[in-house]
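The residues making up each chain are set out below.
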Amino acid sequence: MSSSWTRLRDLDVRCVRVRLEVRSSRTAAGWVRRTTLVALEDGEGGVGIGEDVTYDGDVHAARAGREPIDLRHEGTLASLSRALDGFAFAREGEYTRWALESAALDLALVRAGRNLGDVLGLERRPVRFVVSQGLGRGANVGVLREVLAAAPDARFKIDFSNEFTEATVRALADLGRVDVLDLKGHYRTGAFRGPEPDARLYAAIAEALPDAWLEDPWIDDATRDALRPHLARVTYDAPLHSLDDLLAIEPAPRCINVKPSRFATVRELCAVVDHCRSNGVAMYAGGQFELDRGRAQIQELASLWYPDGPNDAAPPVYNRRPFDGRPTASPLAPQDVSGFGPSAA
């Protein structure tokens, strides 16, 4: 039992109604991101909000005109979580489960008139963030300079592509702003396919970016040899859905990307974070293109647990083009509010 979960599990939760509100935003890359805000109402004026970050836009579109989720509950955060064990969720159901659990946590804190830091006994600290950015067709490093023109101090989490060339690698090294290289090696099936593992490029970019974390490489005989000198910088994201998943990785990583919605429940998130804090495993926030409350909540978690990491928790304005003025610079100042995260990111 994690000590963080012990502090949270007995918070009071009363839910009489669930409301759903689909959000959408056109991204800088031209595609439309859809998410769903999930609001739990206690019938006494209290509302808790979470955000379903399911990537399949059809799941969100199908919610229009349908009956909301039937969830009525009076008890604790722990008993509500147990009640959700009996729910059948659509594709990528862990994301919907997290939306409900994070909304329940928000509601529990609102009803108690407290915030997450109060209950966990932790102080909010300014959150350092990086801008997550793909380079698009042709692996054009110019898109990073576009961001830097508006946010001169920005640092980056870069998506790897098989279109990377030696010139791309040199340009990224010369820029000197890359804190995480996301190799996306574990997206091997499904609608989204990551780039093919490339041992030569893995080695080249690892050597060119000696201070960057190397996230989610695909490990086979060739890539293992290529990354052997850099294993201390290998970090994981996509394979992690539980503490058991983390414990199964060999060699044990020195750092991980924490995406709460992958863990589905508050309890599992607490177990992972407590393990990392007890065992010296560094952490940083993982963004999932949240459009609203979900982004504020990952910023809140970062402010309490891993404020100094290369957190993929930039304000949503960084996803839009053109920029409207100068975006908020890193680090983000903490906001003292009741509930789980401020009402807007």
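Scroll up to find the structure.
In short, a report on the structure.

The next point concerns the overall build of the protein chain. Of regular secondary structure, the protein chain possesses 13 helices and 12 strands. Here the protein chain has a C-alpha radius of gyration of 20 Å; the compact-globule value for 345 residues is 20 Å, and the two agree. When the backbone C-alpha atoms are referred to their principal axes, the protein chain occupies close to 60 × 40 × 35 Å. The buried share among the 345 residues of the protein chain stands at 53%. Residue pairs at least 24 apart in sequence account for 67% of intrachain contacts in the protein chain once pairs closer than 6 positions are excluded. Element-wise, carbon and sulfur atoms account for 46% of the exposed surface of the protein chain, whose accessible area totals about 15200 Å². Treating the 43 positive side-chain charges of the protein chain as one cloud and the 50 negative ones as another, the clouds have centres 2 Å apart.

Another aspect to go through is the nonpolar core. Leu8, Leu40 and Phe164 are the most contacted members of the largest nonpolar core, which has 88 residues in total. Ranked by the residues each element gives to this core, the list is headed by helix α4 (residues 93–112), at nine residues. If near-sequence neighbours (up to four positions away) are discounted, Phe164 is found in contact with Leu135, Ala139, Ile158, Asp159, Leu172, Leu181, Leu201 and Ile205.

Moving on to empty space enclosed by the protein. Applying the stated rule across the entire model yields two cavities of 30 Å³ or more. Its volume calculated, the largest cavity comes out at about 90 Å³. Those elements that provide at least two residues to the lining of the largest cavity are α11 (260–263) and α13 (293–305). Take the lining of the largest cavity: its biggest share by element is four residues, from α13. Grouping the amino acids of the lining of the largest cavity by side-chain chemistry returns six nonpolar, four polar and two charged. Of the volumes computed, that of the second largest cavity is approximately 40 Å³. In terms of lining, the second largest cavity is formed by Leu8, Trp98, Leu105, Leu116, Val266, Leu269, Cys270, Leu301, Trp305 and Phe340. Counting only elements with at least two residues in the lining of the second largest cavity, the list comes to α4, α12 (266–279) and α13. The class makeup of the residues in the lining of the second largest cavity is 10 nonpolar, no polar and no charged.

So, on to unusual backbone geometry. Note: most residues except glycine have negative phi, and most peptide bonds are trans. Residue Pro251 follows Glu250 across a cis peptide bond; omega there is -10°. In this fold, Pro251 is placed in the loop between α10 (243–248) and β11 (255–258). Here Ser330 and Pro331 are connected by a cis peptide whose omega angle stands at 0°. For Pro331, the location among the structural elements is in the segment after α13. Here the phi dihedral of Ala139 falls at roughly 50°; this positive angle occurs in a residue that is not glycine.

Turning next to the pairing of strand β1 (residues 12–15). Note on strand geometry: in a regular strand, side chains alternate between the two faces of the sheet. Only one face of β1 is covered, namely the one carrying Val13 and Cys15; the face carrying Asp12 and Arg14 has none of its residues buried. When β1 meets strand β5 (residues 73–76), the two strands line up antiparallel, connected through four bridges. Within β5, the residue paired with Cys15 across the bridge is His73.

Thresholds applied
- Residues numbered from 1 in each chain as written.
- Predicted model: local features only at pLDDT ≥ 70, side-chain atom pairs only at ≥ 80, totals over all residues.
- Heavy atoms only, no water.
- Helix = DSSP H or I, 4+ residues; strand = E, 2+ residues; numbered from the N terminus.
- Rg over C-alpha atoms; globule rule 2.2 N^0.38 Å.
- Buried < 20%, exposed > 50% of the residue type's maximum accessible area, 1.4 Å probe, protein only.
- Contact = heavy atoms within 4.5 Å.
- Areas by Shrake-Rupley, 256 points an atom, 1.4 Å probe, with all protein chains shown as cover.
- Lys, Arg positive; Asp, Glu negative; His and termini not counted.
- Charge placed at Lys NZ, Arg CZ, Asp CG, Glu CD.
- Core = buried A, V, L, I, M, F, W, Y, C linked by side-chain atoms within 4.5 Å.
- 1 Å grid on protein atoms, 1.4 Å probe; cavity = no way out; pocket = protein on both sides within 12 Å on 5 of 7 lines; lining within 4 Å.
- Points joined across faces, edges and corners; volume = space filled by probe spheres on them.
- Nonpolar A, V, L, I, M, F, W, Y, C, P; charged D, E, K, R; others polar.
- Pairing = 2+ DSSP bridges.

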